[in-house]
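Each chain, letter by letter, is given below.
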Amino acid sequence: MCDYIKRKQLHAGTDIHGWIVYSSQENSISPYYIDLYVKACERYQMSAELGICDTACVQSQAALQKVRKQIQQDAPSFVINRTRDCRISQLFEQMNIPVFNNSKTVRLGNDKALAYQYMADRSVPVMPVCQYDSDKEPPWYPAVIKSRSGHGGTQVYWIQDQAAWIQWREEHIFKSHKAEACFTDSRQEFENSAENYIIQQASDEPGRDVRVYIVGNKITAAVLRTSDTDFRSNYCLGGTAALYTLTDRERKLAVQAVCGLEIGMAGIDFIFHNGEMVFNEIEDMAGARALYALSDYDIADDYIRYIREKICC
């Protein structure tokens, strides 16, 4: 077996047998969610294997040849890509194997700058944003600095004023540059790390957002997340959550955000500004702990049923 994708049989195989693929660098593979997928597959006469993927398999032609051979030999009926790497989805797409989510959705879910531009081009409201520039301070205060590829509220920083801006640069850019200078004379790594950040005008309602859950491009649920102690309202960071009923206007906005995409399952997050929802990010590996805690809705079951309908139509 190719070393790039190591797989573990989760239950007896069926005629519709797929892979649930995580990155080998992923530290939060949840047995609870894997079990939800397994049980859902069994209900729909499907089966799946857990795949742990070394994403280096997409970085050279020699590696790609090996992994393509493995895929051809085992011929999965479908793949659920949980690696956050759009190149993994592209690999299966090139081999005409149904993959969820597709590469376009995964790319937008893991590059905030691209996602903001995509939404702005479709007249979906987005807070003003610009690329980090070491020679310029933010054009607004307060501001939020984000890693383009961050998730779960990580690598997100509140910048209240110029003093906070100077302190953040010292802690996150200049110290990193000094450390790298000990090992290399090149500025390339420093420049790449700086280019990974974007700056966004802060909304006037920090600590409050809505995650809209999407399955098969349809809105299936929404959860309001709030925090009284942090501008980030993520449930995994201690925020509280409640089921949320979208207004007609908000539902229309969520549909507008999804239009043009082909989403298997994802969360579309919106913050609030001037009392209105504003797009914040696409979470292609959306967690659903709050949703399961608050309701009887089984989104994993819905997702697997959608996959079966999609590949069997």
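Structure shown above.
Let me sum up the structure you'll find in this document. Here the structure is a predicted model, which means the values were calculated and not measured.

1. Topic: the pairing of strand S9 (residues 197–201)
Right, on to step 1. With four of its five residues buried, S9 lies for the most part within the structure.
Right, on to step 2. With three bridges joining them, strand S6 (residues 129–131) and S9 adopt antiparallel strand pairing. If you follow Gln 131 over to S9, its bridge partner there is Ile 198.
Right, on to step 3. Bridging between strand S7 (residues 143–147) and S9 involves five bridges; their strand directions are antiparallel. Its bridge partner lying in S9, Ala 143 is registered against Gln 201.

2. Here's the deal with the packing of aromatic side chains
Right, on to step 1. Following the criterion strictly, the structure yields twelve aromatic pairs and no others.
Right, on to step 2. Between the aromatic rings of Phe 270 and Phe 279, the centroid separation amounts to 6.3 Å while the plane-to-plane angle is 85°, which identifies the pairing as edge-to-face.
Right, on to step 3. For Phe 279, a relative accessible area of 1% translates into the label buried.
Right, on to step 4. In this structure, Arg 208 is placed above the aromatic ring of Phe 272, and the distance from its NZ or CZ to the ring centre is 4.0 Å.

3. Digging into empty space enclosed by the protein
Right, on to step 1. Going through the model one piece at a time under the given rule, you end up with three cavities of 30 Å³ or more.
Right, on to step 2. Of the pockets and cavities examined, the second largest cavity occupies roughly 80 Å³.
Right, on to step 3. Considering the residues around the second largest cavity, the lining is formed by Tyr 33, Leu 36, Tyr 37, Arg 82, Met 265, Ala 286, Gly 287, Ala 288, Tyr 292, Ile 299 and Ala 300.
Right, on to step 4. Counting only elements with at least two residues in the lining of the second largest cavity, the list comes to helix H1 (31–43) and helix H10 (299–312).
Right, on to step 5. Per-element accounting of the lining of the second largest cavity gives the leading share, three residues, to H1.
Right, on to step 6. For the lining of the second largest cavity, the residue count by class is nine nonpolar, one polar and one charged.

4. Digging into unusual backbone geometry
Right, on to step 1. Residue Asn 101 is bonded to the preceding Phe 100 through a cis peptide linkage, with omega at 0°.
Right, on to step 2. Within the element layout of this structure, Asn 101 appears in the loop between strand S5 (99–100) and helix H4 (103–109).
Right, on to step 3. In this model, Tyr 141 is joined to Pro 142 through a cis peptide bond whose omega is -5°.
Right, on to step 4. Looking at the element boundaries, Pro 142 is found in the loop between S6 and S7.

5. Things to note about the nonpolar core
Right, on to step 1. Core analysis: the biggest nonpolar cluster contains 34 residues, and Tyr 37, Met 46, Ile 80, Tyr 213, Ile 299, Ile 304 and Ile 307 have the highest contact counts within it.
Right, on to step 2. Mapped by element, the contributors of at least two residues to this core are strand S2 (17–23), H1, strand S3 (47–53), strand S4 (78–82), strand S10 (208–215), strand S11 (218–226), helix H9 (289–294) and H10.
Right, on to step 3. Here this core gets seven residues from one element, more than from any other, and that element is H1.
Right, on to step 4. Judged by nonpolar contacts, the second largest core, of 28 residues, contains Ile 219, Ala 222, Leu 253 and Ala 254.

6. Considerations on the environment of Gln 160
Right, on to step 1. Tracing the backbone through its elements, the reader meets Gln 160 in the loop between strand S8 (156–159) and helix H6 (162–181).
Right, on to step 2. For the pair formed by Gln 160 and Val 144, sequence separation is 16 residues and the distance between their alpha carbons is 8.5 Å.
Right, on to step 3. Discounting residues that sit within four places of it in the chain, Gln 160 has contacts with Tyr 141 and Pro 142.
Right, on to step 4. Looking at Gln 160, its side chain comes within polar contact range of the side chain of Trp 158, at 2.8 Å.

7. Details of the packing of H1 against H10
Right, on to step 1. Where H1 contacts H10, the two axes come as close as 9 Å, and the packing angle between them is 45°. What the angle tells us is that H1 and H10 run oblique. For the crossing formed where H1 meets H10, the hand is right-handed. In this structure, H1 contributes Leu 36, Tyr 37, Ala 40, Cys 41 and Arg 43 to the contact, and H10 contributes Ala 300, Asp 301, Tyr 303 and Ile 304.
Right, on to step 2. Residue classes in the contact of H1 with H10 are distributed as seven nonpolar, no polar and two charged.

8. Observations concerning the sheet that holds S5
Right, on to step 1. In spatial order, the strands read S1-S3-S2-S4-S5; together these five strands make up an open sheet with mixed pairing. What marks the edges here is a single partner per strand, and that holds for strand S1 (5–9) and S5.
Right, on to step 2. For S2 and S3, the ladder comprises seven bridges, and the chain directions are parallel. Bridge assignment links Val 21 to a residue of S3, and that residue is Gly 51.
Right, on to step 3. Its contacts with the sheet put H1 on S2, S3 and S4, and the angle it makes with S3 is roughly 150°.

Rules used throughout
Residues numbered from 1 in each chain as written. Predicted model: local features only at pLDDT ≥ 70, side-chain atom pairs only at ≥ 80, totals over all residues. Heavy atoms only, no water. Buried < 20%, exposed > 50% of the residue type's maximum accessible area, 1.4 Å probe, protein only. Helix = DSSP H or I, 4+ residues; strand = E, 2+ residues; numbered from the N terminus. Pairing = 2+ DSSP bridges. Phe/Tyr/Trp six-rings, centres within 6.5 Å; stacked < 30°, edge-to-face > 60°. Lys NZ or Arg CZ within 6 Å of the ring centre and 35° of its normal. 1 Å grid on protein atoms, 1.4 Å probe; cavity = no way out; pocket = protein on both sides within 12 Å on 5 of 7 lines; lining within 4 Å. Points joined across faces, edges and corners; volume = space filled by probe spheres on them. Nonpolar A, V, L, I, M, F, W, Y, C, P; charged D, E, K, R; others polar. Core = buried A, V, L, I, M, F, W, Y, C linked by side-chain atoms within 4.5 Å. Contact = heavy atoms within 4.5 Å. Polar contact = N/O pair within 3.5 Å; in protein donor to acceptor, adjacent residues only side chain to side chain. Axes fitted to C-alpha atoms, helices over the stretch in contact; angles between N-to-C directions. Parallel < 35°, antiparallel > 145°, perpendicular 65-115°, else oblique. Left-handed = near helix turned anticlockwise from the far one by under 90°.

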